[in-house]
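Single-letter residue listing:
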Amino acid sequence: MKNETPEELNPDKEIGRLIDEVMSSSLTDEQYRKKMQRRKEVQDQRIAQAVPEKGLIIVNTGNGKGKTTAALGMVLRSLGHGYKVAIVQFIKGSWEPSEKRVFSYWEDQLEFHAMGEGFTWETQDRDRDLDKASAAWQKSLEYIRNPDFHMVLLDEINIALKMSYLEVEDVLAGLAEKPADKHVILTGRGAPAALIERADLVTEMTLIKHPFRDQGVKAQPGIEY
């Protein structure tokens, strides 16, 4: 079997190998320097070959906390760059979200719509939930199609898909209409396989411990809302 040269190696595998090797305490200072130099060469080569820009479809899913929080971090970065951003919340509409008050400082850049009426066990009205989800999706399409908005966050839309309030085929068709440079973030547990397949970036939050489940601690300001 032919031995691969460093240039033929998969960059991710080579970086992983180099990280493992530099963690060894047996390396001399010179060996460490050479391996870090090689890692920089591989990383620089990857960056040089990368596509400069692409509008991404980003999915934050999984049972762990932090899906919306991570998305809001990207929203904040976009606002910091001066971009226009739209947020449409599909489920979390039964209370005034604190993040909406914070983002009011960027009124000229941000449009925020909390269009749900709370979680399904609170509304207890499937027809009304369907209507609210449909209205939120139509509002989302306006921003997805609008070239003036650099980023659109569809918060908890994955829940609406999981509950069959929306059809995944309709959402995928809507995403196909976005301008090439627009980023769209879709959050919520239970993201369907077809959406994950279409996405450019998918992160699954894994639940390991939760204060409500494990200790009976209620949702707290600054943490959950």
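Everything numeric here is computed off the predicted structure, so don't read it as measured data. (Residues numbered from 1 in each chain as written. Predicted model: local features only at pLDDT ≥ 70, side-chain atom pairs only at ≥ 80, totals over all residues. Heavy atoms only, no water.)

### Observations regarding the sheet that holds strand β2 (residues 85-89)
Next, step 1: The strand order across the open sheet formed by six strands is β3-β2-β4-β5-β1-β6, and the pairing between neighbours is parallel. Across the chains shown, the open sheet's two edge strands, defined by having one partner strand only, are β3 (110-114) and β6 (201-204). In this sheet, adjacent strand axes meet at a mean angle of 10° when their direction is disregarded.
Next, step 2: Bridge count for β2 against strand β4 (residues 151-155) is five bridges, and the pairing is parallel. (Pairing = 2+ DSSP bridges. Helix = DSSP H or I, 4+ residues; strand = E, 2+ residues; numbered from the N terminus. Axes fitted to C-alpha atoms, helices over the stretch in contact; angles between N-to-C directions.)

### A short note on the side chain of H183
Next, step 1: With respect to the helices and strands, the residue H183 is situated in strand β5 (residues 183-187).
Next, step 2: Residue H183 is classed as buried on the basis of its relative accessible area, which comes to 16%.
Next, step 3: A polar atom in the side chain of H183 sits 2.9 Å from the backbone nitrogen of L56.
Next, step 4: When residues no more than four places from it in sequence are discounted, the contact partners of H183 are K54, G55, L56, H150, M151 and V152. (Buried < 20%, exposed > 50% of the residue type's maximum accessible area, 1.4 Å probe, protein only. Polar contact = N/O pair within 3.5 Å; in protein donor to acceptor, adjacent residues only side chain to side chain. Contact = heavy atoms within 4.5 Å.)

Bear in mind that shape data such as this cannot, by itself, settle questions of function.
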